[in-house]
Amino acid sequence: MIKEQKGFVRAIDVSVELGVTKPSVSYATKRLRENGYITVDENGHLELTKAGYEIASRIYERHKVLTAFLSKIGVDPERAAEDACKIEHDLCEETFAAIKKHCGDIGAL
């Protein structure tokens with residue numbers, strides 16, 4: 001989401017977006033880099049690898065579908081986005097698939 005907004009992502013951007021400390025982001029980016037999910041260039045810009053992008057795409061799809069679903073059932077859009085962030089990582093695949101099937105194409109929401 002940050003990359004869509006700014007065109008690039010830095011650790012400080014992640015820190016601000018998530019409301020966590022920069023050292024927390026540094027620790028997380030180190031682990032992500034070691035596991036092959038991101039790279040960091042000489043300017044400190046974070047880039048997803050193919051494996052990282054695949055995972056991020058699945059999570060972002062969940063975020064968009066859940067935000068749209070919650071908004072559709074009457075939740076304030078800002079609250080819907082916040083709650084979707086809380087739900088998207090923990091929701092089992094079976095439940096998400098059922099919500100997605102119930103909602104149909106996200107564009108229809």
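Note that the structure is predicted; figures quoted are calculated from it, not measured.

Novice: What should I look at first to understand the pattern of salt bridges in this one?
Specialist: Between side chains of opposite charge, a pair can form as their charged atoms come close. The tally for this structure, following the rule as stated, stands at 8 salt bridges. Linking E47 and K3 is a salt bridge whose minimum nitrogen-to-oxygen distance equals 3.0 Å. One end of the pair, E47, is in strand β2 (residues 46–48); the other, K3, is in helix α1 (residues 2–6), and 44 residues separate them in sequence. Look at E47 and you get partly exposed, because its relative accessible area is 31%. Here E93 ties to R62 by a salt bridge, and the two come within 3.0 Å at their closest N and O atoms. Here the residue E93 occupies a position in helix α6 (residues 93–103), and R62 occupies one in helix α4 (residues 50–72), the gap between them amounting to 31 residues. A relative accessible area of 52% places E93 in the exposed class.

Novice: Is there a simple way to think about the side chain of S15 in this case?
Specialist: Take S15: it is sitting in helix α2 (residues 11–18). Taking the relative accessible area as the measure of exposure, S15 reaches 8% and is therefore buried. The contacts of S15, once residues within four sequence positions are left out, are V20, T21, K22 and V25.

Novice: Would you mind showing me how to read α6 here?
Specialist: Count 3.6 residues to each turn of an α-helix, and residues three or four apart come out pointing the same way. Three or more residues of α6 are buried, namely F96, I99 and C103. Here the buried residues of α6 occupy an arc of 60 degrees about the axis, which is enough to place them on one side. Those residues of α6 that are exposed and aimed more than 90 degrees away from the buried face are E93, E94, K101 and H102. Tucked into the core, α6 has its buried residues touching α4. G104 lies just past α6 and shows a positive phi near 75 degrees.

Novice: Which parts of the structure should I look at to understand the layout of surface pockets?
Specialist: In this model, the largest pocket occupies a volume close to 1,300 Å³. In terms of lining residues, the largest pocket is bounded by 30 residues, among which M1, I2, V14, L48 and A56 are the most central. With 8 residues, the top contributor of residues to the lining of the largest pocket is α4. Looking at the lining of the largest pocket residue by residue, the class counts come to 19 nonpolar, 6 polar and 5 charged.

Novice: Would you explain the packing of α4 against α6 in this entry?
Specialist: How two helices sit against one another is set out by the angle between their axes and by the gap between those axes. The interhelical angle for the contact between α4 and α6, taken along N-to-C directions, is 55 degrees, at an axis separation of 11 Å. Compared by their axis directions, α4 and α6 come out oblique. Crossing geometry of α4 relative to α6 is assigned as left-handed. Taken together, the residues of α6 that come into contact with α4 (itself represented by E61, R62, V65, L66 and F69) are E93, F96, I99, K100, H102 and C103. Here the contact of α4 with α6 is built from residues that sort into 6 nonpolar, 1 polar and 4 charged.

Calculation notes
- Residues numbered from 1 in each chain as written.
- Predicted model: local features only at pLDDT ≥ 70, side-chain atom pairs only at ≥ 80, totals over all residues.
- Heavy atoms only, no water.
- Salt bridge = Lys/Arg side-chain N within 4 Å of Asp/Glu carboxyl O.
- Helix = DSSP H or I, 4+ residues; strand = E, 2+ residues; numbered from the N terminus.
- Buried < 20%, exposed > 50% of the residue type's maximum accessible area, 1.4 Å probe, protein only.
- Contact = heavy atoms within 4.5 Å.
- Arc of directions from axis to C-beta.
- 1 Å grid on protein atoms, 1.4 Å probe; cavity = no way out; pocket = protein on both sides within 12 Å on 5 of 7 lines; lining within 4 Å.
- Points joined across faces, edges and corners; volume = space filled by probe spheres on them.
- Nonpolar A, V, L, I, M, F, W, Y, C, P; charged D, E, K, R; others polar.
- Axes fitted to C-alpha atoms, helices over the stretch in contact; angles between N-to-C directions.
- Parallel < 35°, antiparallel > 145°, perpendicular 65-115°, else oblique.
- Left-handed = near helix turned anticlockwise from the far one by under 90°.

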